[in-house]
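# Coordinate analysis (summary)
Listed below, chain by chain, are the residues.
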Amino acid sequence: MIKYTLRRLLLMIPVILGITFLVFFILLASPGNVAQMVLGPEATAEDIAMKEHDLGLDQPIVVQYIKYMWNALHGDFGTSWFQNFNVMEEFSHRIPYTLSLGFLAIGWACVLGIPIGIIAAVRHNHMTDYVVTFFSLLLSSAPAFWLGMMYQLFFAQKLGWLPASGVGSFKYYILPSLSLGGGILASNARTTRTWLLDVIRSDYVRTARAKGNKESTVIVKHALRNSLLPVITQIGVSFSIIMGGSVITETVYAFPGIGSFLINAVKTKDIPIVMACIVVVAVIVGLTNLVVDLLYAVVDPRVQLGSKKG
Amino acid sequence: MDMKKEKTTSSPQKKKSQAQLILIRFTKNKLAVIGLIVLVALMLTSLTAPLWLDYSKVTHQSVRESFQTPNAEHWFGTDQFGRDLFARVIYGGRISLFAGLVTIGIAFLLGIILGGAAGFFGGAVDTVIMRFTDILMSVPGILLSISIVAALGQGLFKMLIALSVSLIPRQARTVRSAVITMRGQEFVEAARTYGCSNFGILFRYIIPNVLGPLIVGVMMGLGGVILQIASLGYLGIGIAPPTPEWGTIISENQANIMYHMYLGIIPGLFIMIAVLSLNFVGDGLRDALDPKMKN
């Protein structure tokens, strides 16, 4: 297991180098003079040349990239081009917000989504099942930013139960995390339902019933264990979706995480910030996928870690 | 689909053709049929809009008419500039729906080429292509699209490229695994023995046989693409402002939604209905193409 973990961590390195190089390359190779944008329209040709030298833009892209990655390895993600702050420092303030929002969203998706799926499967073809299926379809068909706005409108403006935006106590996290995790919640409910229905029909569940077990025991002790495996495999993908979705949710709720930070940086083409976001998200997503794969092997003893390609 | 027709001609003794059977199975699924009708209606209204709805209504501003709730003249009401929301939503559909189709089309073609090559040739080609998809999939798709838009700048065509790049890896992987399962089949061996080229085998024998599930995947993916286009529009990095698009319409009205709810609810409902219909059609198509999958 340790050997496997180490190998996976080593495999992450070329992937992260690849994605950072790709993004670095398309950002710098794109049209538009960066130094001109930083300095504004009145800058003279000498000013621009000076600034380009300062930012290292006069060197070949590969050299710039190697320098950037070397500094990044030492925890230095450079300074913002437009506002003079240290990117790493700003990130250390913002990452906790994004991560707690993301984990809370995954939490809702599992704590609410799985039981809802179980109920729908147990009450198969009853009213409850239809209602759950309908709402989960609706939830995964609506744009996340729009749902977020609707929650704000209803729970904050109309009912006044929860704050509409900003950060503070736990209350401020409820609406953003629910709208961030809404789609995953719906898909967790659907996956649980589908697989549980599949497992319920299998022979060993019939045997468990035939032994005279209570229905609840049959579901929880026998059927559920096997039907949750696909849900666990989904968590890795879900986390990636949630890291992407945080860009939108954080914008809707004016949440000071890395998502809203990225969007502002993208609009101004503040490359150090965009790069740092990509690196951080790629590392977080890679690590979560590794943890999920390890977890999968723990939950399902049939899975052999070495043979499975990550 | 062509493959299905070929099958019919080779076995005329069957009463109903494969295509007919698929059609019958599809029409039995009520939700899928309703979804298809809604989808076709949405596409037709926005496609034919220039014939019955003057484009000037989309951009015509009149402060006197601002913030009218839905009424007989302005069916969906007007925004803060007095622009007609109905006209904006209908014309917005032209971009939201058809840009989605083009995006997924590009991803579909490139996915078939990359995934087909990886699965068919294996070895070094496979390794290179798969590591490339690993790299693209290491960050969430929307982040990749956002970074590409950041580099290229705003605009319809640029957005299409940005979105399709983030879709290619998954598409390529699906095609690859489908091709790998087909590669060892007897009919492929047979084609090889009478001298069919690699290219011919891949595109004439293997791809047509895996087309069914791929099309279902595309239908399912299209809903996601429409949501992504709307999201980029909402973030203000999709289509440039004067052109209406469902996401941009919501974002430009965001400040006024508190007191004029219809401005946010109506365009959002359009996105939701379009995506929901697509999902229904996708589900129906999957069950119709492969009855074994149904549970």
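Since the structure is predicted, the reported quantities are computational estimates derived from the model, not experimental observations.

### So, the overall build of chain A
- Summing up its helical and strand segments, chain A has 14 helices and 0 strands in all.
- Reading the helices (α) and strands (β) of chain A from amino to carboxyl end gives α-α-α-α-α-α-α-α-α-α-α-α-α-α.
- Viewed in the frame of its principal axes, chain A has a C-alpha envelope of about 85 × 55 × 30 Å.
- Here chain A, with 310 residues, has 48% of them falling under the buried criterion.
- Across chain A, the fraction of contacts at a sequence separation of at least 24, relative to all contacts at a separation of at least 6, is 73%.
- Where the 23 positive side-chain charges of chain A centre and where its 17 negative ones centre are 21 Å apart.

### Examining the overall build of chain B
- Looking only at helices and strands, chain B has 13 helices and 0 strands in total.
- The buried share among the 295 residues of chain B stands at 51%.
- Across chain B, every contact between residues at least 6 apart in sequence was considered, and the portion connecting residues at least 24 apart equals 70%.
- Carbon together with sulfur atoms contributes 67% to the accessible area of chain B, which is approximately 13,700 Å² in total.
- Placing the 25 positive and 16 negative side-chain charges of chain B at their respective mean positions leaves the two points 9 Å apart.

### Observations concerning the interface of chain A and chain B
- In this assembly, 40 residues from chain A lie in contact with 38 residues from chain B.
- Both faces considered, chain A and chain B share a buried interface measuring about 3,600 Å² in area, 80% of it formed by carbon and sulfur atoms.
- The three residues of chain A that bury the most area against chain B are Ser-141, Phe-145 and Trp-146 of chain A, which together make up 16% of that side's buried surface.
- At the junction of chain A with chain B, the criterion picks out 0 salt bridges.
- Between chain A and chain B we count 3 residue pairs in polar contact (both at pLDDT 80 or more) in total.
- Counting residues per element, the ones that place at least two in the side of chain A that touches chain B are helix H1 (2-29), helix H7 (127-141), helix H8 (144-158), helix H12 (229-252), helix H13 (258-268) and helix H14 (271-299) of chain A.
- When its residues are assigned to classes, the side of chain A that touches chain B shows 28 nonpolar, 9 polar and 3 charged.

### Section: the nonpolar core
- In this structure, Phe-91 and Phe-145 of chain A together with Ile-146 of chain B are the most contacted members of the largest nonpolar core, which totals 166 residues.
- Examining the composition of this core, we find that 19 residues originate from one element, helix H11 (residues 198-235) of chain B, more than from any other.
- Each of domain 1 (2-73) and domain 2 (96-256) of chain A contributes no fewer than three residues to this core.
- Excluding residues within four positions of it along the chain, Ile-146 of chain B makes contact with Val-247, Ile-263 and Val-266 of chain A together with Leu-232, Leu-235 and Ile-237 of chain B.

### With respect to the domain arrangement of chain A
- When cut into domains, chain A gives domain 1 (2-73) and domain 2 (96-256).
- Measuring from the centre of the C-alpha atoms in domain 1 of chain A to the corresponding centre in domain 2 of chain A gives 39 Å.

Basis of the calculations
Residues numbered from 1 in each chain as written. Chains lettered and ligands numbered in written order. Predicted model: local features only at pLDDT ≥ 70, side-chain atom pairs only at ≥ 80, totals over all residues. Heavy atoms only, no water. Helix = DSSP H or I, 4+ residues; strand = E, 2+ residues; numbered from the N terminus. Buried < 20%, exposed > 50% of the residue type's maximum accessible area, 1.4 Å probe, protein only. Contact = heavy atoms within 4.5 Å. Lys, Arg positive; Asp, Glu negative; His and termini not counted. Charge placed at Lys NZ, Arg CZ, Asp CG, Glu CD. Areas by Shrake-Rupley, 256 points an atom, 1.4 Å probe, with all protein chains shown as cover. Buried area = accessible area lost by both parts, 1.4 Å probe. Salt bridge = Lys/Arg side-chain N within 4 Å of Asp/Glu carboxyl O. Polar contact = N/O pair within 3.5 Å; in protein donor to acceptor, adjacent residues only side chain to side chain. Nonpolar A, V, L, I, M, F, W, Y, C, P; charged D, E, K, R; others polar. Core = buried A, V, L, I, M, F, W, Y, C linked by side-chain atoms within 4.5 Å. Domains from an automatic or database assignment.

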